[in-house]
Amino acid sequence: MTIMKSDVLSRLTEEKALPVTLADIEQAAARIVGRVARTPLIRSRTLCERTGQPVYLKLETHQPTGAFKLRGAMNAILLLDDAARKRGLVTASTGNHGRAVAYAARELGVRAIICMSSLVPANKVEAIRSLGAEIRIVGLSQDDAQEEVERLTESRGLTPIPPFDHADVVAGQGTIGLEIVENLPELAAVLVPLSGGGLAGGIAVAVKALKPQIRVIGISMERGAAMHAAIAAGKPVAIREEETLADSLGGGIGLQNHVTFTLCRDLLDDVILLSEDEIAEGIRHAARNESVTVEGAGAVGIAAILADKVGLSGPTAIIISGGNIAPKMHQKIVAGTTQ
Ligand SMILES: *Cc1c(COP(=O)(O)O)cnc(C)c1O
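Residues numbered from 1 in each chain as written. Predicted model: local features only at pLDDT ≥ 70, side-chain atom pairs only at ≥ 80, totals over all residues. Heavy atoms only, no water.

1. Re the site of the ligand
Going by this rule: Think of it this way: one heavy atom of a residue within 4 Å of a molecule or strand is enough to make that residue near it. By the criterion applied in these results, polar contacts are pairs of N or O atoms within 3.5 Å in which, for protein atoms, one can donate a hydrogen and the other can accept it, and in which residues neighboring in sequence qualify only through two side-chain atoms. All accessible-area figures derive from a Shrake-Rupley calculation using a 1.4 Å probe, and residue coverage is judged against the displayed protein chains alone.
Around the ligand, the structure places 16 residues, and the nearest of them are Lys-69, Asn-96, Ser-195, Gly-197 and Ser-321. Contact between the ligand and Asn-96: an oxygen atom at 2.8 Å from a side-chain N or O atom of the residue. Take Gly-198: an N or O atom from its main chain is 2.9 Å from an oxygen atom of the ligand. For the ligand, the protein covers 97% of the area, taking 380 Å² as the surface of the free molecule.

2. Considerations on the pairing of strand β7 (residues 189-193)
Spelled out, the test is: Summary of the burial criterion: residues with accessible area below 20% of their type's maximum are buried, those above 50% are exposed, and those between are partly exposed, where the area comes from a 1.4 Å probe applied to protein chains only. Per the convention used, a helix needs a DSSP run of H or I reaching at least four residues, while a strand needs a run of E reaching at least two, with both numbered from the N terminus. If DSSP finds at least two bridges between two strands, the strands pair.
In terms of burial, β7 is a largely internal element, five of the five residues being buried. A two-sided burial pattern is seen for β7, the buried positions comprising Ala-189, Leu-191 and Pro-193 on one face and Val-190 and Val-192 on the other. In this structure, β7 lies alongside strand β8 (residues 215-221), joined through five bridges in parallel fashion. Each bridged residue has a counterpart across the sheet, and for Leu-191 the counterpart in β8 is Ile-217. The pairing of β7 with strand β10 (residues 316-320) spans three bridges and is parallel. Bridge assignment links Ala-189 to a residue of β10, and that residue is Thr-316.

3. Re the sheet that holds β10
This is how the line gets drawn: The axes are straight lines fitted to the C-alpha atoms, using for helices just the contacting stretch, and the angles between their N-to-C directions are given from 0 to 180°.
Ordered in space as β1-β2-β10-β7-β8-β9, the six strands form an open sheet in which the pairing is mixed. The open sheet has two free edges, formed respectively by β1 (41-43) and β9 (270-274), since each of these has just one partner strand. Each strand axis lies, on average, 25° off the axis of its neighbour in the sheet, ignoring direction.

4. What about the domain arrangement of the protein?
To keep things clear, this is the line we draw: Per the annotation, domain bounds derive from an automatic or database assignment of domains. Note on contacts: a residue pair is in contact if any heavy atoms of the two residues lie within 4.5 Å. Accessible area that two parts lose when put together, evaluated with a 1.4 Å probe and summed over both, is termed the buried area.
When the domains of the protein are assigned, the result is domain 1 (6-68 + 166-335) and domain 2 (69-160). Between the C-alpha centres of domain 1 and domain 2 there is a distance of 24 Å. Opposite the 25 residues of domain 1 that make contact, domain 2 presents 14 residues. Of the roughly 1800 Å² buried between domain 1 and domain 2, counting both surfaces, carbon and sulfur atoms make up 56%. Taken as a group, Arg-31, Arg-35 and Thr-65 account for 33% of the area that domain 1 buries against domain 2, more than any other trio of residues on that side.

5. Observations concerning the nonpolar core
Spelled out, the test is: Side-chain atoms within 4.5 Å link the members of a nonpolar core, which is a set of buried Ala, Val, Leu, Ile, Met, Phe, Trp, Tyr and Cys residues.
Core analysis: the biggest nonpolar cluster contains 44 residues, and Leu-187 and Val-190 have the highest contact counts within it. Sorting the residues of this core by element identifies α2 (22-32), α9 (167-183), β7, α10 (198-210), α11 (226-233), α12 (260-267) and β10 as the ones contributing at least two each. For this core, the leading source of residues is α10, giving eight residues. With residues up to four places along the chain from it excluded, the contact list for Val-190 reads Ile-180, Ile-203, Ile-214, Arg-215, Val-216, Ile-217, Ala-317 and Ile-319. Core analysis: the second largest hydrophobic core is formed by 34 residues, Leu-249, Val-292, Val-300 and Ala-304 among them.

Okay, here's the thing in structure tokens:
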């Protein structure tokens, strides 16, 4: 889709030419070390045999919250000054970002309020409450919860920690790219789950600044791929949200996107879309052949290879972004009784 232009590549090395730089990511790595896991990069025998190329899995499932989002949240919170930390944090995510903010806030002794609608299932509410966050139930939709975030930001001076469209969050996610290149200097390509683009944008800045020839491929589901639609339209566009196995990849990128749209448009070499059946196959393969429990969003890199939708030439790293899937749903998928 996007052909890398040399002017984009040269901007990677210019100070602040992109909203996030390699230096930001290196500083984030030094800041979060010891507070987030340096995750394992393991060789996948079955995927190596299947593709004839060296294929590795970067297991963000090993983070204490079960997903990579802890990196960005931790970096953003560590960058706040004492006054802001005293006032506290607020966010509206009920998924992996909400968990990350709750966990990082508790680790750092900062108060966090997670706003959610009354439709959020009790198990999700409890998962976040058990991490020590304060829960505020408001309204009947994610939009209502987001409005409460804005109200608390205005009225009480709480700091909102956004899930992807924030330079400090993107820099935290980019630390994954540094780790992979350190472990695998001959890296040729990275397959990255793509939703709001904090993960893919951060990794792309890191690996391309270190080695511009490394290809970064974003992978989303066919059902509601917001960044794919935005890149195709040349600007953020509204998308219809649909139910998908890759639930952590749902949602828009924000019509007023500040950071991640530009990064993904300029740096991603391609964006691949997957069907629900293909995503289920990825989850199944991870469980049966790699002994990893992976949620739908975390399985899309494996799924893209199994579906023959990505051509590999050289050592490839797949970001296994998270493992938070309801056990019953996981069992059904692995048993092959549902997609
Ligand atoms: C949030 C999330 C993603 C997508 O990250 P973006 O930065 O929004 O693109 C992928 N996988 C999992 C497990 C996630 O929680």
